[in-house]
Amino acid sequence: MNTQEIIAEGEQYLLHTYNRYQIVLDHGDGMYLYDTDGRKYLDFCAGIAVFALGYNNKELNDAITAQLGKIVHTSNYFYNEAACEAARKLVTAAGMKRVFFTNSGTEAVEGALKSALRYAYDRDGQGGHEIIAMRHSFHGRSLGALSVTMNDHYQDPFRPLLAGIKEATFNDLESVKAAVTDKTCAIILEPVQGEGGIYPAEEGFLKGLRGLCDEKDILLIFDEIQCGMGRTGTMFACQRYGVKPDIMTVAKALGCGLPIGAFLTNDKAASLVPGDHGSTYGGNPLVCAAASKIFDLYEELGILENVRSTGDYLYETLERFAKENKEVIGHRGIGLMQGLEFSMPVSDIIKSAQAKGLILINAGSNILRFVPPLICTKENVDEMAAIMEEVMKDLNA
Ligand SMILES: *Cc1c(COP(=O)(O)O)cnc(C)c1O
């Protein structure tokens, strides 16, 4: 099939839940993607902050292929070595105690919410507990996760959602305190808001939340699905703030494209018992072999050091870009998770960049999101900046 035929087939048979770009991706290598017409793109999207190690990493491919030849699926009625190994590496890196593997981010959030509700139920012997979530948060599309995704556009068609969800304002501790009642069992937030527009938490806010949760016996849930796995230069974003959650969710880069997510708990929040929760595929050997190898490769390749140095360079580069372009009204972010806010929608910028061989995505209509693979170099940043300059020149022509 040629490119147009593939797109036509997709339009006919796929449910129309996305307005897709008119590009059919074929293969990738390192920081670059290639479409079915052989066009090459520098990738600053990484499949939405997923492909941390870049495309076609040979060692990762070999680990996945080796597992493929042994066993792909076992069910959770049995142990498998890859899951136990991945669990140890993830729990250790996160400084938590236990992990449950899921197939996606949204399922990780479901498990986190259930853990909090179960904890409070065990404590009080009754239900009706409340969870506080932040305006402009994003936690996923399944009904529980959607209930704490405080965005009317996503929520309105599907109401009523979970009962007992209270809203507070990100980086406003007083607004959280005002939402606390004696029914509150958890507070959920992203240490760096992703889809909502790349908003990093302030240190005082996270420390204040930790204090509030300790004082009132509320569980603190950090959704590290996008900002975790090294994206901000520490393995998990909360580690740069020195604040530990009771429950953490992880996905996206955890499998570098293989579908795996996880929720982790400390001792206190390890509330779920046999019969409370499960997953047919969750933690299957194939995805866990990938996750396990990814932790080794992060060390071997010095991923965190690279994110810190390239991230700083990206920050300087985008600061300069913001000063030189009057359409840019904001620049935020940490490490290789940054955003540029424009005074207008960025859809035309994204399309123009694509035509010039650069893949970027938005985070909200006016914000350009920069979330490249974590192997991104300073040269890649320069290459991106040169294309962006051309894009802005065309835009103003
Ligand atoms: C992407 C994302 C999710 C949802 O993950 P899926 O794998 O798409 O279900 C949840 N929380 C955050 C912070 C995310 O960025």
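Residues numbered from 1 in each chain as written. Predicted model: local features only at pLDDT ≥ 70, side-chain atom pairs only at ≥ 80, totals over all residues. Heavy atoms only, no water.

**A word on unusual backbone geometry**
Reasoning step 1: Look at the link from Arg 159 to Pro 160: it is a cis peptide, with omega at 0°.
Reasoning step 2: Relative to the helices and strands, Pro 160 is located in the loop between helix H7 (152–155) and strand E6 (165–168). (Helix = DSSP H or I, 4+ residues; strand = E, 2+ residues; numbered from the N terminus.)

**Remarks on the state of the cysteines**
Reasoning step 1: Taken as a whole and judged by the stated rule, the model has zero disulfides.
Reasoning step 2: No disulfide involves Cys 185; its sulfur sits 10 Å from that of Cys 213, the nearest cysteine.
Reasoning step 3: Cys 185 gets classed as buried once you look at its relative accessible area, which sits at 1%.
Reasoning step 4: Note on Cys 213: relative accessible area 0%, which makes it buried. (Disulfide = S-S within 2.5 Å. Buried < 20%, exposed > 50% of the residue type's maximum accessible area, 1.4 Å probe, protein only.)

**Considerations on helix H11 (residues 285–300)**
Reasoning step 1: A rise of 1.5 Å per residue sets the reference length of H11, with its 16 residues, at 22 Å; its end C-alpha atoms lie 22 Å apart and thus fit the reference within 8%.
Reasoning step 2: In terms of residue burial, H11 counts as a mostly covered element, since 12 of its 16 residues are buried.
Reasoning step 3: Of all the residues in H11, the buried ones are Pro 285, Leu 286, Val 287, Cys 288, Ala 289, Ala 290, Ala 291, Ser 292, Ile 294, Phe 295, Leu 297 and Tyr 298.
Reasoning step 4: Elements that come into contact with the buried residues of H11 comprise helix H3 (58–68), helix H4 (81–94), strand E4 (98–102) and helix H12 (303–324). (Expected span 1.5 Å × (residues − 1). Contact = heavy atoms within 4.5 Å.)

**Observations concerning the packing of aromatic side chains**
Reasoning step 1: What the rule picks out here adds up to five aromatic pairs.
Reasoning step 2: Residues Phe 51 and Tyr 55 carry aromatic rings whose centres are separated by 4.4 Å and whose planes lie at 35° to one another, so their mutual orientation is tilted.
Reasoning step 3: Classification of Tyr 55 as buried rests on a relative accessible area of 10%.
Reasoning step 4: Ring geometry for Phe 170 and Phe 205: centres 5.8 Å apart, planes at 70°, overall edge-to-face. In this pair, Phe 170 sits in the loop between E6 and helix H8 (173–179) while Phe 205 sits in helix H9 (residues 203–216), placing the two residues 35 residues apart along the sequence. For the pair Phe 170 and Phe 205, one class covers both residues: buried.
Reasoning step 5: Above the plane of the ring of Tyr 154 lies Arg 141, whose end atom (NZ or CZ) is 4.2 Å from the centre. (Phe/Tyr/Trp six-rings, centres within 6.5 Å; stacked < 30°, edge-to-face > 60°. Lys NZ or Arg CZ within 6 Å of the ring centre and 35° of its normal.)

**Concerning the sheet that holds strand E14 (residues 337–342)**
Reasoning step 1: Pairing within the open sheet is antiparallel, and its four strands lie in the order E13-E14-E17-E16. Whereas interior strands pair on both sides, the edge strands pair on one side only; in this sheet they are strand E13 (328–334) and strand E16 (361–362).
Reasoning step 2: Sheet analysis places E16 next to strand E17 (residues 367–370), joined by two bridges and oriented antiparallel. The residue of E17 that forms the bridge with Ile 361 is Arg 369.
Reasoning step 3: On top of the sheet, H12 reaches E13, E14 and E17; it is set at about 5° to E14, its chief contact. (Pairing = 2+ DSSP bridges. Axes fitted to C-alpha atoms, helices over the stretch in contact; angles between N-to-C directions.)

**Description of the site of the ligand**
Reasoning step 1: Within the structure, the ligand sits among Ser 104, Gly 105, Thr 106, Phe 138, His 139, Gly 140, Glu 190, Asp 223, Ile 225, Gln 226 and Lys 252.
Reasoning step 2: Phe 138 places a polar main-chain atom, nitrogen or oxygen, 3.3 Å from a nitrogen atom of the ligand.
Reasoning step 3: The side chain of Gln 226 places a nitrogen or oxygen atom 2.8 Å from an oxygen atom of the ligand.
Reasoning step 4: Burial of the ligand by the protein amounts to 81% of the accessible area it has alone, namely 380 Å².
Reasoning step 5: Taken together, the residues that form the shell around the ligand break down as two nonpolar, six polar and three charged. (Near = heavy atom within 4 Å. Polar contact = N/O pair within 3.5 Å; in protein donor to acceptor, adjacent residues only side chain to side chain. Areas by Shrake-Rupley, 256 points an atom, 1.4 Å probe, with all protein chains shown as cover. Nonpolar A, V, L, I, M, F, W, Y, C, P; charged D, E, K, R; others polar.)

**Overview of the domain arrangement of the protein chain**
Reasoning step 1: What the domain assignment lists for the protein chain is domain 1 (3–56 + 302–395) and domain 2 (71–301).
Reasoning step 2: The centre of domain 1, based on its C-alpha atoms, is set 26 Å off from the matching centre of domain 2.
Reasoning step 3: Tallying the contact residues gives 29 residues for domain 1 and 29 residues for domain 2.
Reasoning step 4: Note on domain 1 versus domain 2: buried area summed over both sides is about 2,300 Å², and carbon and sulfur give 66% of it.
Reasoning step 5: Contact with domain 2 buries area across many residues of domain 1, yet Leu 53, Ile 334 and Met 337 alone supply 29% of it, more than any other trio.
Reasoning step 6: Between Arg 369 and Glu 195 there is a salt bridge, with its nearest N and O atoms 2.9 Å apart.
Reasoning step 7: Counting across the interface, domain 1 meets domain 2 through 11 residue pairs in polar contact (both at pLDDT 80 or more).
Reasoning step 8: Taken together, the elements giving at least two residues each to the side of domain 1 that touches domain 2 come down to helix H2 (46–49), H12, E13, E14 and E17.
Reasoning step 9: When grouped by side-chain class, the residues that make up the side of domain 1 that touches domain 2 number 19 nonpolar, six polar and four charged. (Domains from an automatic or database assignment. Buried area = accessible area lost by both parts, 1.4 Å probe. Salt bridge = Lys/Arg side-chain N within 4 Å of Asp/Glu carboxyl O.)

**Considerations on H12**
Reasoning step 1: Here H12 is 22 residues long and its end C-alpha atoms lie 31 Å apart, about the 32 Å a rise of 1.5 Å per residue gives.
Reasoning step 2: Where H12 is concerned, the buried positions are Ile 303, Asn 306, Val 307, Thr 310, Gly 311, Leu 314, Thr 317, Leu 318, Phe 321 and Ala 322. One side of H12 carries all its buried residues, which in axial view fall inside an arc of 135°. Away from its buried face by more than 90 degrees, H12 exposes Asp 312 and Lys 323.
Reasoning step 3: Each element contacted by the buried residues of H12 is listed here: H11, E13, E14, E17 and helix H14 (378–395). (Arc of directions from axis to C-beta.)

**Examining the side chain of Gln 226**
Reasoning step 1: Inspection of the secondary structure puts Gln 226 in the loop between strand E10 (219–223) and helix H10 (237–241).
Reasoning step 2: In terms of polar contacts, Gln 226 uses its side chain to reach the side chain of Arg 369, at 2.8 Å.
Reasoning step 3: Once you skip the residues sitting within four places of it in the chain, Gln 226 turns out to touch Ala 49, Gly 194, Glu 195, Arg 231, Lys 252, Met 337, Arg 369 and Val 371.

**Thoughts on the environment of Tyr 55**
Reasoning step 1: With respect to the element layout, Tyr 55 can be found in the loop between H2 and H3.
Reasoning step 2: The contacts of Tyr 55, once residues within four sequence positions are left out, are Gly 28, Asp 29, Gly 30, Tyr 32, Leu 33, Asp 43, Ala 46 and Gly 47.
Reasoning step 3: Looking at Tyr 55, its side chain comes within polar contact range of the side chain of Asp 43, at 2.6 Å.

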